[in-house]
Structure formats: structure tokens, C-alpha cells
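A look at the structure
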Amino acid sequence: MSATQLAVLARTSDPRIVLRRFLALDAVVTGTNALAYLAASGPLGRLFGVDRTLLLELGVFLAVYAGAVGWLASRAHPAALPVRVVIEANFAWAALSLVALAVWLSPTTAGAVWTVLQALTVAGFAALQQLALKARQGSSD
């Protein structure tokens, strides 16, 4: 994906803002997921075929993670190292989600579909953030 395509997605050509917008989007989506897991762990657990306690624990973790990513997105010039940590964490989350699905979890069909979709979404955020970081570094970092 080119810097121009990233700029179109982020609706700006400023590489610093492109990166911050993809971090912010990640924080919002992750935070929304966390709130859903915390507020509706019982019904979602039944729908997905996973333990309610697992969803509560994931909800707490995701809320903290979303807050950290949101804080990073709020910085005028997010440091490259924490951004790389977010990118690697997102790639790891996506991979571990698929491994858990194959090895550990026994979800319903809805749960399996949800797990794959969220893994792809998180991997997509990681890829966009990685490209945006490279574009920012190429422009002035």
C-alpha cells in the first residue's frame, strides 16, 4: 500500500496524523470490544460458546490496552518504540487468536467466525499502523 493510499484511508496526507488516526481507530474498536465483553459477558459467552470468565478477563485486558493505545494516539508525535510495541502486540493477538481457535477453544459457529474476524481486524490495524509508521519515518522521523 502506498503512502497515497494510506492518506486516502486516513483522510489526510500528514504521515504523523495518519499514524495517530490508525492508533485512535484501534483504541476505539478495542475499547468498544472491551466494554461489550465487560457488560455482556454472559450473553456473549453463550453466543460464542466461551466461558463468561474468559470474556470478563479479556474485557479488562482490552480496556487497559485500549486506554494505552488511545493515550499513544493522543500524543502529537507518538514515539516509534511504543508504536512498534502496539504493532507487534496486534500481530501477536491475531496469531494467538487463531492458535487458540485451533488448539484450545471450542466455540460455536458464531464464536469461531467472531474469532477469525477480530483476528483479521487486529492484523489489519497492525499492518496499517506499520505502513503509517514507515511513511512517517520516511518523511521526517
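All values reported here derive from a predicted model rather than from experimental measurement.

Note on aromatic pairs: each is described by the distance of the centres and the angle between the planes. Scanning the entire structure with this criterion turns up 3 aromatic pairs. When the ring of phenylalanine 48 is compared with that of tryptophan 114, the centres are 5.6 Å apart and the planes differ by 10°; the resulting orientation is stacked. Of the two residues, phenylalanine 48 sits in helix 3 (residues 41-48) while tryptophan 114 sits in helix 6 (residues 109-139), which places them 66 residues apart along the sequence. Of the residues examined, phenylalanine 48 reaches a relative accessible area of 9% and is grouped as buried.

The next subject is helix 3. Each α-helix winds once per 3.6 residues, and so residues spaced three or four apart point in a common direction. Within the span of helix 3, buried status applies to Ser41, Gly42, Leu44, Gly45 and Phe48. Remark: glycine 49 follows helix 3 within two positions and exhibits a positive phi of approximately 75°.

With that settled, consider the UniProt feature "transmembrane region" (unreviewed entry) in the chain. Summarizing the sequence annotation, UniProt attributes the feature "transmembrane region" (unreviewed entry) to residues 21-40, 52-73, 85-105 and 111-133 in the numbering used throughout. Structurally, residues 52-73 comprises 100% helix and 0% strand, and the distance from its first C-alpha atom to its last is 31 Å. From the first C-alpha to the last, residues 111-133 spans 32 Å; its make-up is 100% helix and 0% strand.

With respect to the helices and strands, alanine 89 occurs in helix 5 (residues 80-103). In this structure the C-alpha to C-alpha distance between alanine 89 and tyrosine 65, which are 24 residues apart in sequence, comes to 9.8 Å.

Quick look at the nonpolar core now. Residues Leu19, Leu23, Val69, Val83, Val86 and Leu133 are the most contacted members of the largest nonpolar core, which totals 17 residues. Sorting the residues of this core by element identifies helix 2 (15-39), helix 4 (52-74), helix 5 and helix 6 as the ones contributing at least two each. Each residue touching valine 86, except ones within four places of it in the same chain, is listed here: Leu23, Asp26, Tyr65, Val69, Leu72 and Gln129. Counting 10 residues, the second largest nonpolar core, distinct from the first, contains Tyr37, Leu55, Leu62 and Leu105.

This brings us to the side chain of asparagine 90. Residue position: asparagine 90 is located in helix 5. Engagement of the side chain of asparagine 90 in a polar contact is seen with the side chain of tyrosine 65, the distance being 2.9 Å.

Turning our attention to the packing of helix 3 against helix 4. At a minimum axis separation of 8 Å, helix 3 and helix 4 run at an interaxial angle of 120°. Considering the angle they form, helix 3 stands oblique to helix 4. Every pair of crossing elements has a handedness; the one defined by helix 3 and helix 4 is right-handed. In this structure, helix 3 contributes Ser41, Gly42, Leu44 and Gly45 to the contact, and helix 4 contributes Arg52, Leu55 and Leu56. Class assignment for the residues of the contact of helix 3 with helix 4 results in 3 nonpolar, 3 polar and 1 charged.

The rules we used
- Position numbers for residues count from 1 along each chain, tracking the sequence in the order it is written.
- Given that this is a predicted model, residues contribute local features only at a pLDDT of at least 70 and side-chain atom pairs are listed and counted only at 80 or more, while totals for whole chains, interfaces and linings are drawn from all residues.
- Excluded from the side-chain calculations are hydrogens and water; all other atoms, namely the structure's heavy atoms, are used.
- Only rings of Phe, Tyr and Trp enter the pairing, Trp through its six-membered ring, and a pair is recorded when the two centres are within 6.5 Å. The plane angle decides the type: under 30 degrees is stacked, over 60 is edge-to-face, the rest tilted.
- Think of it this way: any DSSP run of H or I at least four residues long counts as a helix, any run of E at least two long counts as a strand, and we number them from the N terminus.
- Three exposure classes are used, based on accessible area relative to the maximum for each residue type with a 1.4 Å probe and protein chains only: buried under 20%, partly exposed in between, and exposed over 50%.
- UniProt positions are given in the numbering used here, feature names are shortened, and annotations may be inferred rather than shown by experiment.
- Buried residues of nine kinds, namely Ala, Val, Leu, Ile, Met, Phe, Trp, Tyr and Cys, make up a nonpolar core once their side-chain atoms join them within 4.5 Å.
- Note on contacts: a residue pair qualifies if any of its non-hydrogen atoms lie within 4.5 Å across the two residues.
- Throughout this description, a polar contact denotes any pair of N or O atoms lying within 3.5 Å of each other; where both atoms belong to protein, one of them has to be capable of donating a hydrogen while the other can accept it, and for residues adjacent in sequence the pair is counted only when both atoms sit in side chains.
- Here an axis means a line fitted to C-alpha atoms, over the contact stretch when the element is a helix, while the angle between two N-to-C directions is reported on a 0 to 180 degree scale.
- An angle below 35 degrees is read as roughly parallel, one above 145 as roughly antiparallel, one from 65 to 115 as roughly perpendicular, and any other as oblique.
- The handedness criterion is simple: a crossing whose near helix is rotated anticlockwise from the far helix by less than a right angle is left-handed, and one whose near helix is rotated clockwise is right-handed.
- Lys, Arg, Asp and Glu make up the charged group, whereas Ala, Val, Leu, Ile, Met, Phe, Trp, Tyr, Cys and Pro make up the nonpolar group; the residues left over, Gly among them, are polar.

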